[in-house]
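Read off the chains here:
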Amino acid sequence: MANAIKKTGDLGSWLMHIFLGVNAVIMLYPILMMALSSFKTNKEIFSSPFSLPQSFSLDNFAVIWSQTNVPRYFINSTIVTGLSVLVLLVVGTMAAYALSRYKFKGNIMISLFFLSGLMLPLRLAIIPLFIQLKALGLVDNLLGLICIYTAMSLPATVFIMTGFLRSLPSELEDSARMDGASEFRIMVEIMVPLITPAMVIAGIYNAVPIWNDFFFPLIFIQSPEWKTLAQGLTAFFGEYSVNYGVLYAGLTLAALPIMLVFIVQSRRFIAGMTAGAIK
């Protein structure tokens, strides 16, 4: 009986590994084809789209870097994504800490207010949002995008951080208070290091849609010098022809930063997901 159970468990493990392997191939194959196509000419892409490039020439990347505004778009996206995530983590952690570690009148109402932000997509309020940002002078401005992304992603960040902070024992704070530590010092030096995996999860969870977003830059950015990468890449779609080699090179450069961040932070991301599942 024990041997039968063991064999069943081994079979289930093998089936799970096969399923995950097939899923990984399905997910990674389009990225691989995009990267390989960035080394091809238009003729190669149409004549042999699934084959390896004849030569791994960097001509498309040279065109991207020297003859287009992609470097400027890349810097704009980096500024918007980096500052948005930074503000999100600072404000979201402080709000989640107050909601999860302190009991005060209105705590539940404020928590429900943040949760309601997960149910209402910001795109439904695009007209009043445009009017408000125009009145504040934030249209056609990177600061306007940062404010939008911060407001849009704050509810999810508070939700993620609150769950992790509530799982920490209160004895940590009590012992620090007995030693004379201030509330701010307790949060920064004791609690924040313990929720680093949650911060990585919240950062990556919000950075990916912000980096890839096309809708809000299309609405709020008109000047070419303030366009983001996702918006700027549409310039490669001509009215009568498209240089797909250069386009794929731009898409590869656009996908590279997020992939590198995820690879570097993969251990903490997986640790945070595992810890969240256990909690």
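Undergrad: Would you take a moment to explain the environment of Ser-223 for this structure?
TA: Mapped onto the elements of the fold, Ser-223 is located in the loop between α11 (215-220) and α12 (229-232). Among the residues examined, Ser-223 registers a relative accessible area of 17% and is labelled buried. The spacing of Ser-223 and Asn-141 is 82 residues in sequence and 8.8 Å in space, taken between C-alpha atoms. At 2.4 Å, the side chain of Ser-223 and the side chain of Asp-140 are in polar contact.

Undergrad: Help me understand helix α5 (residues 107-119) in this model?
TA: For an α-helix the count is 3.6 residues per turn, leaving residues at separations of three or four pointing the same way. In this model α5 runs 19 Å from its N-terminal to its C-terminal C-alpha over 13 residues, within 8% of the 18 Å that 1.5 Å per residue would give. Buried residues of α5: Asn-107, Ser-111 and Phe-114, and no others. Axial view of α5: buried residues confined to an arc of 65 degrees, hence all on one face. Structural note: α5 exposes Ile-108, Met-109, Phe-113 and Met-119 on the side pointing more than 90 degrees away from its buried face. Where the residues of α5 are buried, they touch α4 (70-101) and α7 (142-166).

Undergrad: Explain the packing of helix α9 (residues 183-194) against helix α10 (residues 196-212) here, please?
TA: Pairs of packed helices are described in terms of their axes, by the angle between the two and the distance that separates them. Contact geometry of α9 with α10 gives a least axis separation of 5 Å together with a crossing angle of 70 degrees. In terms of orientation, α9 lies roughly perpendicular with respect to α10. Counted together, Val-192, Pro-193 and Leu-194 of α9 and Thr-196, Pro-197 and Met-199 of α10 form the full contact between these two elements. The residue makeup of the contact of α9 with α10, split by class, is five nonpolar, one polar and no charged.

Undergrad: Help me understand a nonpolar patch on the surface, please; the structure alone is not making it clear to me.
TA: A contiguous nonpolar patch, built from Leu-11, Leu-15, Ile-18, Val-22, Ile-26, Met-27, Leu-28, Ile-31, Leu-256, Met-259, Leu-260 and Ile-263 and spanning about 1100 Å² of accessible area, is present on the exposed surface. When residues of the nonpolar patch are traced back to their parent elements, those giving at least two are α1 (2-37) and α13 (244-264). Considering every element that reaches the nonpolar patch, the biggest residue donor is α1, with eight residues. Note on placement: Ile-18 falls in helix α1.

Undergrad: Can you walk me through the nonpolar core in this structure?
TA: Nonpolar side chains in soluble globular proteins tend to end up buried together. Grouped together as the largest cluster of nonpolar side chains are 40 residues, with contacts concentrated most on Leu-145, Ile-195, Phe-216 and Phe-220. With eleven residues, the single largest contributor to this core is α7. Apart from residues no more than four positions distant in its own chain, Leu-145 is found in contact with Val-80, Phe-216, Pro-217, Phe-220, Ile-221 and Thr-228. Counting 14 residues, the second-largest nonpolar core is a separate cluster that includes Phe-39, Tyr-73, Leu-233 and Val-242.

Undergrad: Got a minute to help me understand the pattern of salt bridges in this structure?
TA: Where side chains of opposite charge bring their charged atoms close, a pairing between them can arise. The tally for this structure, following the rule as stated, stands at five salt bridges. Between Glu-173 and Arg-101 there is a salt bridge whose closest N-O contact spans 2.5 Å. With Glu-173 in helix α8 (residues 171-178) and Arg-101 in helix α4, the pair connects residues that are 72 residues apart, well separated along the chain. Taken as a pair, Glu-173 and Arg-101 share a single burial class, namely buried.

Undergrad: Would you explain the side chain of Thr-228 in this entry?
TA: Mapped onto the elements of the fold, Thr-228 is located in the loop between α11 and α12. Apart from the residues within four sequence positions on either side, Thr-228 is in contact with Tyr-73, Asn-76, Ser-77, Leu-145, Asp-213 and Pro-217.

Undergrad: What is the right way to read the packing of α10 against α13 from this model?
TA: Remark: α10 packs on α13, axes separated minimally by 11 Å, with the N-to-C direction vectors making an angle of 175 degrees. By the angle between their axes, α10 is roughly antiparallel relative to α13. The residues of α13 that touch α10, namely those facing Ile-204, Ala-207, Val-208 and Trp-211, are Ala-254, Pro-257, Ile-258 and Phe-262. Here the contact of α10 with α13 is composed, by residue class, of eight nonpolar, no polar and no charged.

Parameters and conventions
- Residues numbered from 1 in each chain as written.
- Predicted model: local features only at pLDDT ≥ 70, side-chain atom pairs only at ≥ 80, totals over all residues.
- Heavy atoms only, no water.
- Helix = DSSP H or I, 4+ residues; strand = E, 2+ residues; numbered from the N terminus.
- Buried < 20%, exposed > 50% of the residue type's maximum accessible area, 1.4 Å probe, protein only.
- Polar contact = N/O pair within 3.5 Å; in protein donor to acceptor, adjacent residues only side chain to side chain.
- Expected span 1.5 Å × (residues − 1).
- Arc of directions from axis to C-beta.
- Contact = heavy atoms within 4.5 Å.
- Axes fitted to C-alpha atoms, helices over the stretch in contact; angles between N-to-C directions.
- Parallel < 35°, antiparallel > 145°, perpendicular 65-115°, else oblique.
- Nonpolar A, V, L, I, M, F, W, Y, C, P; charged D, E, K, R; others polar.
- Patch = residues over 30% accessible without salt bridge, like charges linked within 9 Å, V, L, I, M, F, W, Y side chains within 5 Å.
- Areas by Shrake-Rupley, 256 points an atom, 1.4 Å probe, with all protein chains shown as cover.
- Salt bridge = Lys/Arg side-chain N within 4 Å of Asp/Glu carboxyl O.
- Core = buried A, V, L, I, M, F, W, Y, C linked by side-chain atoms within 4.5 Å.

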